[in-house]
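# Descriptive structure summary
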Amino acid sequence: MAGTFYGREKYDPQLIISQIIIMQCLHYLGLGFSYFLMDTLMGVPLTLSQFFSDDAFSNISTRMAWATIFGILINSIFNIAALIVVVERAKKCLDYGGTVYFLHICFCFMFNGIPGCWQWWLCNILALIIAVVFGEYVCANRELREIPMTRLASRA
């Protein structure tokens, strides 16, 4: 996907798999940074269960729960940036964003079973919606920018 002019793209499974892996790595990197930031600000310890478990949501009135909620929502901003840089196409944002969160749910299932708290599901679905909608919006605006023709005009 070199450049900003998009023509007919051919099917490239190696590119798709590498983009999914990069998106997943950036998702967890952003999630780790978001949790570190929120846990530091709220004075709670950073735990692996924040990443892959709904334990923090068992008592929604705790600082741990709110640090986790804000961490997930802040991470959606990092996911927007990842969609812009890695995916680049508005029509692919839903596919890649959905894949990131689907794989996250699979990893949560492997770590601690299917999350049972509705707050966990609500928070992650909201983060998915934020990332996909705003990622599509920014990517669509980038695709609609004019292609500069200054070099062609100077040759004529």
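Coordinates for the structure precede this section.
A brief structural summary. (Residues numbered from 1 in each chain as written. Predicted model: local features only at pLDDT ≥ 70, side-chain atom pairs only at ≥ 80, totals over all residues. Heavy atoms only, no water.)

Moving on, we come to the packing of aromatic side chains. Aromatic rings considered in pairs are described by the distance between their centres and by the relative angle of their planes. The full count for this structure, using the stated rule, is eight aromatic pairs. For the ring pair Phe-33 and Phe-78, a centre distance of 5.7 Å and an interplane angle of 85° mean the geometry is edge-to-face. One end of the pair, Phe-33, is in helix H1 (residues 13–42); the other, Phe-78, is in helix H3 (residues 63–87), with 45 residues separating them in the sequence. Residue classification places Phe-78 among the partly exposed residues on the basis of a relative accessible area of 32%. (Phe/Tyr/Trp six-rings, centres within 6.5 Å; stacked < 30°, edge-to-face > 60°. Helix = DSSP H or I, 4+ residues; strand = E, 2+ residues; numbered from the N terminus. Buried < 20%, exposed > 50% of the residue type's maximum accessible area, 1.4 Å probe, protein only.)

This paragraph deals with the side chain of Ser-34. As for its placement among the helices and strands, Ser-34 is situated in helix H1. At 2.8 Å, the side chain of Ser-34 and the backbone oxygen of Gly-30 are in polar contact. In contact with Ser-34, other than residues within four places in its own chain, are Gly-71, Ile-74, Asn-75 and Phe-78. (Polar contact = N/O pair within 3.5 Å; in protein donor to acceptor, adjacent residues only side chain to side chain. Contact = heavy atoms within 4.5 Å.)

The subject of this paragraph is a nonpolar patch on the surface. There is a patch of nonpolar side chains on the surface, built from Phe-33, Leu-37, Leu-41 and Phe-78 and spanning about 380 Å² of accessible area. Residue classification places Phe-33 among the partly exposed positions, given a relative accessible area of 45%. (Patch = residues over 30% accessible without salt bridge, like charges linked within 9 Å, V, L, I, M, F, W, Y side chains within 5 Å. Areas by Shrake-Rupley, 256 points an atom, 1.4 Å probe, with all protein chains shown as cover. Salt bridge = Lys/Arg side-chain N within 4 Å of Asp/Glu carboxyl O.)

Put simply, H3 and helix H5 (residues 118–143) touch, their axes get as near as 8 Å, and they point 25° apart. By the criterion of interaxial angle, the relationship of H3 to H5 is roughly parallel. Both H3 and H5 take part in a crossing whose hand is right-handed. Here H3 contributes Ile-69, Ile-72, Leu-73, Ser-76, Asn-79, Ile-80, Leu-83 and Ile-84 to the contact with H5, which in turn contributes Cys-123, Asn-124, Leu-126, Ala-127, Ile-130, Ala-131, Val-132, Phe-134, Gly-135, Val-138, Cys-139 and Arg-142. Looking at side-chain class alone, the contact of H3 with H5 contains 15 nonpolar, four polar and one charged residues. (Axes fitted to C-alpha atoms, helices over the stretch in contact; angles between N-to-C directions. Parallel < 35°, antiparallel > 145°, perpendicular 65-115°, else oblique. Left-handed = near helix turned anticlockwise from the far one by under 90°. Nonpolar A, V, L, I, M, F, W, Y, C, P; charged D, E, K, R; others polar.)

Another aspect to go through is the state of the cysteines. Evaluation of the coordinates by the stated rule reveals zero disulfides. For Cys-93, which is in no disulfide, the shortest distance to another cysteine sulfur is to Cys-139 and amounts to 3.8 Å. Residue classification places Cys-93 among the buried residues on the basis of a relative accessible area of 0%. For Cys-117, which is in no disulfide, the shortest distance to another cysteine sulfur is to Cys-123 and amounts to 12 Å. (Disulfide = S-S within 2.5 Å.)

A few words now on H1. In this model, H1 (30 residues) spans 43 Å end to end at C-alpha, consistent with the 44 Å of a helix rising 1.5 Å per residue. Of all the residues in H1, the buried ones are Gln-19, Met-23, Gln-24, His-27, Tyr-28, Gly-30, Leu-31, Gly-32, Ser-34, Tyr-35, Met-38 and Asp-39. In this structure, the buried side of H1 is in contact with helix H2 (48–52), H3 and helix H4 (93–112). Where H1 terminates, the next one or two residues include Gly-43, which has phi positive at roughly 70°. (Expected span 1.5 Å × (residues − 1).)

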